[in-house]
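# Breakdown of the fold
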Amino acid sequence: HYQKINIVAHSMGNLETVYYFKRYPNLQKKIKVNHFISMAGHYDGIIGENDKPNQLKINKQTGKPSIMRPEYRGLLPLRKTFPRNTRVLNIFGNLENGTNSDGDVSNASARSLRYLINNRAKSYRELMIRGKNAQHSKLHNNRQVNQAIVNFLWK
């Protein structure tokens, strides 16, 4: 019944969302995704599983990660299927404890989304949240994050 939607995802919800974009490009012609907000997306690794703090680097010009893990390589088709009419806000946390992460997801892993959707999304913006309330599970209860979501969706 809907012709336009917004998607706000946290953690694993981000992968569910990008797999939707990857798998169903034709459905996106029927249901337009106006905004996609990604919070704490572990696109190219999770600390303690297949990533280590400060291991992954992101090319500042292209957004391309220095390491492309198998799971990330599986998302590369997004470079051809991500909807061109979708605006993206990528929110990630930095505990400022030297790990450049939210405790679970490195900033580089979250920022690797840019390379997947580069030159496809209508717009792309990153927002780094800093401090103890930037912890992975605290991001969706963070005032700064909530305000950014409201501003991105409705203003």
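A quick note: this is a predicted structure, and the numbers were derived from the prediction, not measured.

A separate point is helix H1 (residues 12-23). Compared with an ideal rise of 1.5 Å per residue, which puts 12 residues at 16 Å, H1 spans 17 Å between its outermost C-alpha atoms and is within 8% of the ideal. Of the residues making up H1, those classed as buried are Asn 14, Leu 15, Thr 17, Val 18, Tyr 20 and Phe 21. Buried residues in H1 make contact with strand S1 (4-10), helix H2 (27-30), strand S2 (32-39), helix H4 (78-81) and helix H6 (113-117).

So, on to the pattern of salt bridges. The final tally for this structure, using the stated rule, is 4 salt bridges. Measuring nitrogen to oxygen at the nearest pair gives 3.2 Å for the salt bridge that ties Asp 51 to Arg 69. Residue Asp 51 is found in the loop between S2 and helix H3 (70-73), and its partner Arg 69 is found in the loop between S2 and H3; the two are separated by 18 residues along the sequence. Exposure class is identical for Asp 51 and Arg 69. Each is buried. Close ionic contact of Arg 111 with Glu 126 constitutes a salt bridge, the shortest N to O distance being 2.9 Å. Taken as a pair, Arg 111 in helix H5 (residues 107-111) and Glu 126 in strand S4 (residues 123-130) lie far apart in primary sequence, 15 residues in all.

What counts, and where the lines are drawn
For every chain, the first residue of the written sequence is number 1, and numbering continues from 1 onward in sequence order. Owing to the predicted nature of the model, reporting of local features is limited to residues with pLDDT of at least 70; listing and counting of side-chain atom pairs is limited to 80 or more, with chain, interface and lining totals taken over all residues. Neither water nor hydrogens contribute to the side-chain values; these are computed over all heavy atoms in the structure. Labels follow the DSSP assignment, with helices taken as runs of H or I lasting at least four residues and strands as runs of E lasting at least two, numbered in each case from the N terminus. To estimate the expected span of a helix, subtract one from its residue number and multiply by 1.5 Å. Buried residues are those whose accessible area, probed at 1.4 Å on protein chains only, stays under 20% of the maximum for their type, while exposed residues exceed 50% and partly exposed ones sit between those limits. Here a residue-residue contact requires only that any non-hydrogen atoms of the pair lie within 4.5 Å. Throughout this description, the term salt bridge denotes a Lys or Arg side-chain nitrogen within 4 Å of a carboxyl oxygen of Asp or Glu.

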